[in-house]
Amino acid sequence: MMDYLKQPAFVVEDIDEDINLSLPPSSGQEYIKRVVIEARQCADVVVADLDLSCIKKPTKAIETLAGCVQAPASLKPTIEWQQYQSSDFSKLRLYVSQLKNEIVTGKRKWRPPDINLPDIDDQNAWISFCLGGEKKLEPTLNTLFCFNQSSIEQVLEYLVQFVETERKIQYKIGQWIYTLLVLLEQPLQPDTCSCLRSLARACSVIRADSRELDAQELGALNLFICLVARYFRQLDLADP
């Protein structure tokens, strides 16, 4: 079998090494001869000479992001609770997916709400919008069906950055984050996956803080860590 593969694909007659390569070949046979001559002139191994002075050294060290901060024993959710939340979240996502499909196929009528969404590049405006602003707008599915996937990912990133800065999850922000996670399509984009991991880490840091947490905020912190780790499969961040 191997000997067969070594047989030449073309029969090439005697090659005249004095062929003038500056002139175009007069036939297919002469073209093949030129290819053979040029191949003989190529080295088996070629090593590029690199000008190391052109390679910039990193201006600062790259820090590896750590995992979630371990929860105090009294605040850590049980495995059963995590499994229930992940299952409930999965059912909700399936229901929403079916609704969207019915809207797309025309089986369900849908009228966009009469709202003015902020410019997608205006982070402060989106934070104000999600907090309620002058209008106490709820993050309903009817509202969020106005969003495309790119907008969902961008607004989610804004909210996660807000949580990291404020070191707390306000009720309204938690509502929006949860609803955006319901609408988030899989497989995740790398940037979106990084955003979710940042959300879980931020929640673990807030949870491990010494300040007293009320039941509502603790539930939100545990829930987001659970969903990122258990549902979106970032298992290294999961509470044991």
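Residues numbered from 1 in each chain as written. Predicted model: local features only at pLDDT ≥ 70, side-chain atom pairs only at ≥ 80, totals over all residues. Heavy atoms only, no water.

(A) Spatial organisation of the overall build of the protein chain. From N to C terminus, the protein chain includes 9 helices and 0 strands. When the elements of the protein chain are put in sequence order from the N terminus, they spell out α-α-α-α-α-α-α-α-α. By the burial criterion, 32% of the 240 residues in the protein chain qualify as buried. Across the protein chain, the fraction of contacts at a sequence separation of at least 24, relative to all contacts at a separation of at least 6, is 69%. (Helix = DSSP H or I, 4+ residues; strand = E, 2+ residues; numbered from the N terminus. Buried < 20%, exposed > 50% of the residue type's maximum accessible area, 1.4 Å probe, protein only. Contact = heavy atoms within 4.5 Å.)

(B) Just unusual backbone geometry, in detail. The linkage connecting Gln186 with the following residue, Pro187, adopts the cis geometry, with an omega of 5 degrees. Within the secondary structure, Pro187 sits in the loop between α7 (171–183) and α8 (190–208). One non-glycine residue, Arg167, lies in positive phi territory at about 55 degrees. Considering the arrangement of structural elements, one finds Arg167 in the loop between α6 (149–166) and α7. Overall, Arg167 belongs to the partly exposed group, its relative accessible area being 42%. Of note in the backbone geometry, Arg233 takes a positive phi value of approximately 65 degrees without being a glycine. Note that Arg233 resides in the segment after α9 (215–231). Residue classification places Arg233 among the exposed positions, given a relative accessible area of 55%.

(C) Spatial organisation of α7. Over its 13 residues, α7 extends 19 Å from the first C-alpha to the last, a length consistent with the 18 Å expected when each residue adds 1.5 Å. Counting buried residues along α7, 10 of its 13 residues qualify, which places the element largely inside the surrounding structure. Considered for burial, the residues of α7 that qualify are Lys172, Ile173, Gly174, Trp176, Ile177, Thr179, Leu180, Leu181, Val182 and Leu183. (Expected span 1.5 Å × (residues − 1).)

(D) Quick peek at the packing of helix α4 (residues 123–131) against α7. Packing of α4 against α7 brings their axes to within 8 Å, and their N-to-C directions diverge by 105 degrees. Comparing the axis directions of α4 and α7 gives the class roughly perpendicular. Here α4 contributes Phe129, Cys130 and Leu131 to the contact with α7, which in turn contributes Lys172, Ile173 and Trp176. Counted by class, the contact of α4 with α7 contains 5 nonpolar, no polar and 1 charged residues. (Axes fitted to C-alpha atoms, helices over the stretch in contact; angles between N-to-C directions. Parallel < 35°, antiparallel > 145°, perpendicular 65-115°, else oblique. Nonpolar A, V, L, I, M, F, W, Y, C, P; charged D, E, K, R; others polar.)

(E) Inspection of the packing of aromatic side chains at higher detail. In total, this model carries 7 aromatic pairs according to the counting rule given. Seen from their ring centres, Phe89 and Tyr231 are 5.0 Å apart, and the 85 degrees between their planes marks the pair as edge-to-face. Residue Phe89 is found in helix α3 (residues 79–104), and its partner Tyr231 is found in helix α9; the two are separated by 142 residues along the sequence. Across the pair, Tyr231 and Phe89 agree in class, each one buried. Both rings, one in Phe89 and one in Phe232, keep their centres 6.0 Å apart while their planes meet at 65 degrees; by these two values the pair is edge-to-face. (Phe/Tyr/Trp six-rings, centres within 6.5 Å; stacked < 30°, edge-to-face > 60°.)

(F) Region of interest: the nonpolar core. Counting residues in each nonpolar core, the largest one holds 47 residues, and the members touching the most others are Cys130, Leu156, Leu159, Ile177, Leu181 and Phe224. Elements supplying a minimum of two residues to this core: α3, α4, α6, α7, α8 and α9. The element best represented in this core is α9, accounting for 10 residues. Residues contacting Leu156, with those up to four places away along its chain left out, are Ile177, Leu180, Leu181, Leu184, Cys195 and Leu196. (Core = buried A, V, L, I, M, F, W, Y, C linked by side-chain atoms within 4.5 Å.)

(G) Looking closely at the pattern of salt bridges. Scanning the model with the defined rule gives 3 salt bridges in all. In this structure, the salt-bridge partner of Asp236 is Arg197, at a minimum N-O distance of 2.7 Å. Of this pair, Asp236 sits in the segment after α9 while Arg197 sits in helix α8, and the two are 39 residues apart along the sequence. Classification of Arg197 by relative accessible area gives buried; the value is 17%. Between Arg207 and Asp239 there is a salt bridge, with its nearest N and O atoms 2.9 Å apart. Of this pair, Arg207 sits in helix α8 while Asp239 sits in the segment after α9, placing them 32 residues apart in sequence. Take Arg207: its relative accessible area is 0%, and that puts it in the buried class. (Salt bridge = Lys/Arg side-chain N within 4 Å of Asp/Glu carboxyl O.)

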